[in-house]
Amino acid sequence: MISRVLAADVPAHIGARIRVAGWVHRRRELKSVTFLVIRDRSGLVQIVLPESDVPEETVVEVEGVVIASGQAPGGAEITEPVVTPLTEPAQAPPFDLYRPNLNATLPTILDNAPVALRHPEGACRVHDHCGERRWLPCRA
């Protein structure tokens, strides 16, 4: 079995067959190809495949070959993938985690806090409304 590689380390494995695991951060479908962006604790990695019906926020494991790509996060992407869902398909969150701004009301953010806190702005927004308690990471 191939050992797992973190997303941030994928560019160091150009030409090798590797295995990554994480959440489907974003799915982009074009006419003949689908891009899955997988998020793990270290960052993002792009997967290129003919088609996929795996919804965002589903936990998956992907095994494939790494190639260099200037347009992919980190400069590398995984091709010839075998995508294995590790959980049931996830329900789509009420907001897009891949957008730069979190466009949701505070009640929506609080009702969906486990997902909202995955967005960098979500943690700051909750912090702004919670006063001086410095228990959540926030940008300066």
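These numbers come from a predicted model, not from an experiment.

### Focus on the overall build of the chain
Within the chain one finds three helices and five strands. Tracing the chain from N to C terminus, the helices and strands come up as β-β-β-β-β-α-α-α. In the chain, which comprises 140 residues, the share counted as buried stands at 39%. In the chain, 44% of the contacts between residues at least 6 apart in sequence involve partners at least 24 apart.

### Digging into the confidence of the model for the chain
Low pLDDT marks regions whose predicted coordinates should not be analysed in detail. When pLDDT is averaged along the chain, the result is 83; 83% of the residues meet or exceed 70. When pLDDT is averaged over each element of the chain, strand 4 (residues 59–68) comes out on top at 96 and helix 3 (residues 120–129) at the bottom at 55.

### Focus on unusual backbone geometry
Positive phi outside glycine occurs at Glu57, with the angle close to 75°. Along the chain, the position of Glu57 falls in the loop between strand 3 (43–49) and strand 4.

### Thoughts on the pairing of strand 2 (residues 34–40)
Along strand 2, seven of the seven residues are buried, which leaves the element largely enclosed by surrounding structure. Here strand 2 shows a buried face lined by Thr34, Leu36, Ile38 and Asp40 and a second buried face lined by Phe35, Val37 and Arg39. Bridge count for strand 1 (residues 17–29) against strand 2 is six bridges, and the pairing is antiparallel. Note on strand 2: the bridge partner recorded for Trp23 is Arg39. Two elements, strand 2 and strand 3, share seven bridges in a ladder whose sense is antiparallel. Across the sheet, the residue bridging to Asp40 is Gly43, located in strand 3.

### Here's the deal with the pattern of salt bridges
Per the counting criterion, the structure on display carries five salt bridges. Between Arg17 and Glu63 there is a salt bridge, with the nearest N and O atoms lying 3.4 Å from each other. One end of the pair, Arg17, is in strand 1; the other, Glu63, is in strand 4, and 46 residues separate them in sequence. Assessed through its relative accessible area of 36%, Arg17 is described here as partly exposed. Here Glu29 and Arg27 are joined by a salt bridge, their closest N and O atoms 2.9 Å apart.

### A look at the nonpolar core
Formed by 17 residues in total, the largest nonpolar core has its most connected members in Val10, Ile18, Val20, Ile38, Val45, Ile47 and Ile78. For this core, the secondary structure elements donating two or more residues are strand 1, strand 2, strand 3, strand 4 and strand 5 (76–85). Leave out the neighbours within four places in its chain, and Ile38 touches Ala21, Gly22, Trp23, Val24, His25, Gly43, Leu44, Val45, Ile47 and Val60. One finds Phe95, Leu97, Ala104 and Ile109 within the second-largest nonpolar core, a separate group that totals six residues.

### Some remarks on the sheet that holds strand 2
One closed barrel holds the five strands; their spatial order is 1-2-3-5-4, and the pairing between them is mixed. Each strand of the sheet is rotated relative to its neighbour by a mean of 55°, with strand direction disregarded. As paired strands, strand 3 and strand 5 are joined by two bridges and run parallel to one another. Counterpart to Ile47 in the pairing with strand 5 is Ile78.

Procedures and definitions
The residue numbering used here restarts from 1 in each chain and proceeds along that chain's sequence as written. Given that this is a predicted model, residues contribute local features only at a pLDDT of at least 70 and side-chain atom pairs are listed and counted only at 80 or more, while totals for whole chains, interfaces and linings are drawn from all residues. Only hydrogens and water are removed before side-chain values are computed, so all heavy atoms of the structure are retained for them. We count a stretch as a helix when DSSP gives it H or I for four or more residues in a row; a strand needs E for two or more, and each element gets its number in order from the N terminus. Working definition: with a 1.4 Å probe on protein chains only, accessible area under 20% of the residue-type maximum means buried, over 50% means exposed, and in between means partly exposed. Any two residues whose heavy atoms approach within 4.5 Å at even a single point are treated as in contact. For every residue, the predictor states its confidence as a pLDDT score lying anywhere from 0 to 100. DSSP-based pairing: two strands are paired if at least 2 bridges between them are found. We define a salt bridge as a side-chain nitrogen of Lys or Arg found within 4 Å of a carboxyl oxygen belonging to Asp or Glu. In plain words, nonpolar cores are sets of buried Ala, Val, Leu, Ile, Met, Phe, Trp, Tyr and Cys residues tied together by side-chain atoms within 4.5 Å. Each axis is a line fitted through C-alpha atoms, taken for helices only over the stretch in contact, and angles between the N-to-C directions span 0 to 180 degrees.

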